Amino acid sequence: MGAFVTILFMAAIGAVIGGFTNHLAIKMLFRPYKAIYIGSWRLPFTPGLIPKRRDDLARQLGKTVVNYLLTPETFRKKFFSNDIRLKIEQWLNDKIATSVFTNDKTINDWLQQAGVENFHITVEDKVDELIVDQVDKVKNVLSTKTVRELLPERWQDKANTKIPDIARYILNKGDVYFESDEGYQTIKRLMDDFLDTKGTLGGMIQMFLGDSSSLVNKGQKEIKKFLNAEGTFVLVSNMLTNEWVKLQDQTIPQLIGELDFNSTTKALQGYVKNELQIQERLDQPIVHYWANGAEWMQQNVVPQIVENAFVQAEVKLEDVLKRLNLEEVVREQVDTFPVEVLEDLVLGISKREFKMITVLGFVLGGIIGVVQGIVVTIFN
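Keep in mind that what you see is a predicted model, and the values were worked out from it rather than measured.

### Brief notes about the overall build of the protein
1) Next: The secondary structure content of the protein amounts to 20 helices and two strands.
2) Next: Within the protein, buried positions represent 25% of all 380 residues.
3) Next: Intrachain contacts of the protein at a sequence separation of at least 6 include 78% that bridge at least 24 residues.
4) Next: When the accessible surface of the protein is summed, it comes to about 26600 Å², and 61% of that surface belongs to carbon and sulfur atoms.

### Observations regarding the packing of helix α4 (residues 72-79) against helix α18 (residues 293-324)
1) Next: Direction vectors running N to C along α4 and α18 enclose 150 degrees, while the axes themselves pass 10 Å from each other. In this view, α4 runs roughly antiparallel relative to α18, as classed from their interaxial angle. Seen along the crossing, α4 lies across α18 with a hand that is right-handed. Taking contact as the criterion, the partners of Pro72, Phe75, Arg76 and Phe79 in α4 are, on α18, Phe310, Glu314, Leu317, Glu318 and Leu321.
2) Next: Here the contact of α4 with α18 is built from residues that sort into six nonpolar, no polar and three charged.

### Side note on the pattern of salt bridges
1) Next: By the definition in use, this model includes 10 salt bridges.
2) Next: We note a salt bridge from Lys137 to Asp133, for which the minimum N-O separation is 3.5 Å. Of the two residues, Lys137 and Asp133 both sit in helix α7 (residues 119-144), four residues apart, roughly one turn of that helix.
3) Next: On the basis of relative accessible area, Lys137 is assigned to the partly exposed category, the value being 46%.
4) Next: Here Glu179 and Lys224 are joined by a salt bridge, their closest N and O atoms 2.5 Å apart. Within this pair, whereas Glu179 is found in helix α9 (residues 153-179), its partner Lys224 is found in helix α12 (residues 213-228), the two being separated by 45 residues in sequence.
5) Next: When its relative accessible area of 30% is taken as the criterion, Lys224 is described as partly exposed.
6) Next: Salt bridges sharing partners connect three or more residues here, namely Asp175, Glu179 and Lys224.

### Focus: the confidence of the model for the protein
1) Next: On average, residues of the protein score 80 in pLDDT, and 86% of them are at 70 or above.
2) Next: The lowest-confidence element of the protein is helix α11 (residues 200-209), averaging 51 in pLDDT; the highest-confidence one is helix α13 (residues 230-248), averaging 89.

### Focus on the nonpolar core
1) Next: Counting residues in hydrophobic clusters, the biggest one holds 14 residues, and the most contacted among them are Ile96, Phe101, Met297, Leu317 and Leu321.
2) Next: With eight residues, α18 is the largest single contributor of residues to this core.
3) Next: Sequence-distant contacts of Leu321, defined by excluding residues within four places in its chain, comprise Leu70, Thr71, Pro72, Phe75 and Leu326.
4) Next: Counting 11 residues, the second-largest nonpolar core is a separate cluster that includes Leu111, Ile131, Val135 and Val147.

### Things to note about the environment of Arg59
1) Next: Structurally, the position occupied by Arg59 is in helix α3 (residues 54-69).
2) Next: Residues Arg59 and Glu328 lie 269 residues apart in sequence; the distance between their C-alpha atoms is 7.8 Å.

Criteria and cut-off values
- Residues numbered from 1 in each chain as written.
- Predicted model: local features only at pLDDT ≥ 70, side-chain atom pairs only at ≥ 80, totals over all residues.
- Heavy atoms only, no water.
- Helix = DSSP H or I, 4+ residues; strand = E, 2+ residues; numbered from the N terminus.
- Buried < 20%, exposed > 50% of the residue type's maximum accessible area, 1.4 Å probe, protein only.
- Contact = heavy atoms within 4.5 Å.
- Areas by Shrake-Rupley, 256 points an atom, 1.4 Å probe, with all protein chains shown as cover.
- Axes fitted to C-alpha atoms, helices over the stretch in contact; angles between N-to-C directions.
- Parallel < 35°, antiparallel > 145°, perpendicular 65-115°, else oblique.
- Left-handed = near helix turned anticlockwise from the far one by under 90°.
- Nonpolar A, V, L, I, M, F, W, Y, C, P; charged D, E, K, R; others polar.
- Salt bridge = Lys/Arg side-chain N within 4 Å of Asp/Glu carboxyl O.
- pLDDT = per-residue confidence, 0-100.
- Core = buried A, V, L, I, M, F, W, Y, C linked by side-chain atoms within 4.5 Å.

Take a look at the structure:
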C-alpha cells in the first residue's frame, strides 16, 4: 500500500511539474513583453523569446513572404490568367456600353465633366480665326502674285494651245454675223453715219452711188473676204497671244480692281458656323453619331487594350515588385505590431496545439513520476 501511494504521489508531482514547465515555456515565448530589471541587472529570460527576437522574426517573415508567398510567379498565376483577362474585357465592355455609348449623356456633358465650359464658343472662335487667316493668305497671294504664278503650268499650256481656236471662233462668229440681216443693217448704218459726217463730200458720194445698199453689199463682201483671209487669222491670233501674255503678268487686283475681303470673310464665317451648328451637334450623345460604337470598341479596341496592358504589366511585374520592396514592407509592418497582436496571432492559430503540448507535459511528467516511484520502491 505504501509503495502504491509513493508511486501515485511521485506521478502527481511529475505531472504537475511537466505540465507547468511546458505551460511556462509556452508563456515565455511572449511573456514578459518587456525586459525586467532589478537595479541595473536584467532578469534572465526577459523579455520573452518573440518580443526579444521580434526584429529577426519580422525580417525572416518578410523574406518568407517574398520568396514563397508573393513571388512574381504567384502574381502571374493569380492576376494574368485567361479568366481574369476575360473578366476585365467584359467589365470594360459593360462600362463603355453603359457609360459612353448612352443616350443619357451628351458630348457637352462629357466636356463639362472634363472641366471644359462653352466649348462651342471656343470652336466657333477658332473657326473664325482660321477663316481670317486663310482669307488673309489668299488676299496676300492674289495681291502679290501674277496670273502666271497663280495658274498651274499645264493650265497655261492649255490656254496657249486654245488661242488659235479662239481666234478662229471669233472670225467665224464675225463672218456669220456680217452675213446676217443684223450685220447688213449694222454695215449700212455705219456707212450712212460715215457719209453724213463728211458733209458735201458725203452727199456727192451718195448722189453718184444712189442708195447705199449697193455700197453695203460691196462692204459686206470685203468684210467677209477680210475675215476669211489667212492674214486676218494670224493677226487675231497674234493679238490674242500678246494680250494673254500681258494678262499673265498682272495681278488680280490690277485686272479687276481691289476685292472686298472684309465682307467675304464675314460671309464665310457666317456660312461655316451656320453649316457646322456646333452647339446643336454637341447637344447630341456620342451614340447619335456612332450607333455601333460599342460593338466596334468591343471587337477592335478593348481586346487590344487589355492585351497590351497585360503584356506591359507582365514585363514590368518583377521591376514593380522590386520597387515595392515587399520584404521591407512586411518587416516594417510586423516590427510595428504590438507584442499582444503577435501573441494573439500565434495563439489564435496554434491554441489547440499549445494546449496539447501542456497536456503532453502533464502526461510525460506523470509517466516519469511513475517510473521514479517504481525505482525508489525497488531500491527501498
